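# Coordinates in review
Below, each chain spelled out in residue letters.
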Amino acid sequence: MSLLECKNLCLGYNKNILVKNLNFCVNAGDYLCIVGENGSGKTTLMRTILGLQKAIDGSIAFGDGLKKNQIGYLPQQTQVQRDFPASVFEIVISGCQASAGFRPFYNKSEKQTAFKNMKRLGILHLAKRCYRELSGGQQQRVLLARALCATQKMLLLDEPITGLDPNAAEEMYRLVKGLNKNDGISIIMISHDVNVALNDASHILHVGANIFFGTKEEYLKKQKNGGGL
């Protein structure tokens, strides 16, 4: 069974429909890139999957034991978030909040998870540093480690390289690809760069007036045959 299956989704705000009749699925180990014009509903789709807003119509089903609160999420960063006055460790371990529930303190297992993911992303030496003192690339690693604390199966990434210099952006893509290939984590990533998406993705979802969902090879074939989106 798919980790995630969306059927006949209609998304938007109030009566303002952004996208309708959206159908796609994500299986274990998939790397799905979501592309489309600005305002086409990409972030709205991601927020709907996470349960942060409701679909106007249609259904979203989770399988293979996956639950909404077990999905790691890396949203677009705002300037306020970049200036957040907390330590790297405090931010990373906050990704364990769903498992901690209403407990006032994190337990030993959750602390170990935070340290494991900081080590995984090469930021363990930054654990006591203040987040707002870090470079943009380091901050994104911290937020990615935080997202990993929430999941072992699926990551949702919304334009993860926004504001990064080319080297930091390339490194972020490399890290995400490694999590997919080496750790088997399913990736759903919004990207404005179709070329980068085609380098790493296994599947492409184009949202907008024309909807496409399929493998990278099917997407390229459609483009080659003049079926532009």
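The following refers to the structure shown. (Residues numbered from 1 in each chain as written. Predicted model: local features only at pLDDT ≥ 70, side-chain atom pairs only at ≥ 80, totals over all residues. Heavy atoms only, no water.)

To continue, consider the sheet that holds strand E5 (residues 71–74). Read across the open sheet, the 6 strands follow the order E5-E6-E7-E3-E8-E9; overall the sheet is mixed. Looking at which strands have only one partner, the edges of the open sheet turn out to be E5 and strand E9 (212–215). The sheet shows a mean angle of 15° between the axes of neighbouring strands, taken without regard to direction. Examined bridge by bridge, strand E8 (residues 203–206) and E9 share 4 bridges and lie antiparallel to one another. Paired with His206 across the two strands is Phe212, which belongs to E9. Running at roughly 160° to E5, helix H6 (residues 136–148) makes contact with E5 and strand E6 (154–158) of the sheet. (Pairing = 2+ DSSP bridges. Helix = DSSP H or I, 4+ residues; strand = E, 2+ residues; numbered from the N terminus. Axes fitted to C-alpha atoms, helices over the stretch in contact; angles between N-to-C directions. Contact = heavy atoms within 4.5 Å.)

A few words now on the nonpolar core. Leu144, Leu155 and Ile204 are the most contacted members of the largest nonpolar core, which totals 46 residues. Elements represented by at least two residues in this core include exactly strand E3 (31–35), helix H3 (88–93), helix H5 (108–120), H6, E6, helix H7 (166–181), strand E7 (186–190) and helix H8 (194–200). The dominant element in this core, judged by the number of residues it contributes, is H7, at 7 residues. Once you skip the residues sitting within four places of it in the chain, Leu144 turns out to touch Leu74, Leu121, Leu155, Leu157, Met172, Leu175, Val176 and Leu179. Residues Leu3, Phe24, Leu45 and Leu156 belong to the second largest nonpolar core, which totals 24 residues. (Core = buried A, V, L, I, M, F, W, Y, C linked by side-chain atoms within 4.5 Å. Buried < 20%, exposed > 50% of the residue type's maximum accessible area, 1.4 Å probe, protein only.)

Side chains of E8 alternate between two faces, with His203 and Leu205 and Ile204 and His206 buried alike. Pairing analysis gives 4 bridges linking E3 to E8, with the strands arranged parallel. For Leu32, the partnering residue across the bridge sits in E8 and is His203. The loop that links E8 with its antiparallel partner E9 comprises 5 residues; one of these, Gly208, has a positive phi angle of about 145°.

What follows covers the side chain of Ser191. Here Ser191 is to be found in the loop between E7 and H8. For Ser191, a relative accessible area of 2% corresponds to the buried category. In terms of polar contacts, Ser191 uses its side chain to reach the backbone amide nitrogen of Asp193, at 3.1 Å. Dropping the residues within four chain positions of it, Ser191 is found in contact with Ile34, Val35, Glu159 and Tyr173. (Polar contact = N/O pair within 3.5 Å; in protein donor to acceptor, adjacent residues only side chain to side chain.)

Within the secondary structure layout, Leu66 lies in the loop between strand E4 (57–62) and E5. Placed 42 residues apart in sequence, Leu66 and Lys108 show a C-alpha to C-alpha distance of 24 Å. Setting aside anything within four residues of it in sequence, one finds Leu66 in contact with Leu3, Ile71, Lys153 and Met154.

Attention now goes to the side chain of Asp30. For Asp30, the position within the fold is in the loop between strand E2 (16–26) and E3. One buried charged residue, Asp30, remains without a salt bridge, the closest side chain of opposite sign being Lys181 at 9.2 Å. In this structure, Asp30 is in contact with Cys25, Asn180, Ile185, Ser186, Ile187, Ser202 and His203, ignoring residues within four places of it in sequence. (Lys, Arg positive; Asp, Glu negative; His and termini not counted. Salt bridge = Lys/Arg side-chain N within 4 Å of Asp/Glu carboxyl O.)

Here the focus is the environment of Glu171. Within the fold, Glu171 resides in helix H7. The sequence separation of Glu171 and Ala28 amounts to 143 residues, and the corresponding C-alpha distance is 24 Å. Among the polar contacts listed, one links the side chain of Glu171 to the side chain of Arg141, at a separation of 2.7 Å. Side chain to side chain, Glu171 and Arg174 meet in a polar contact 2.6 Å long.

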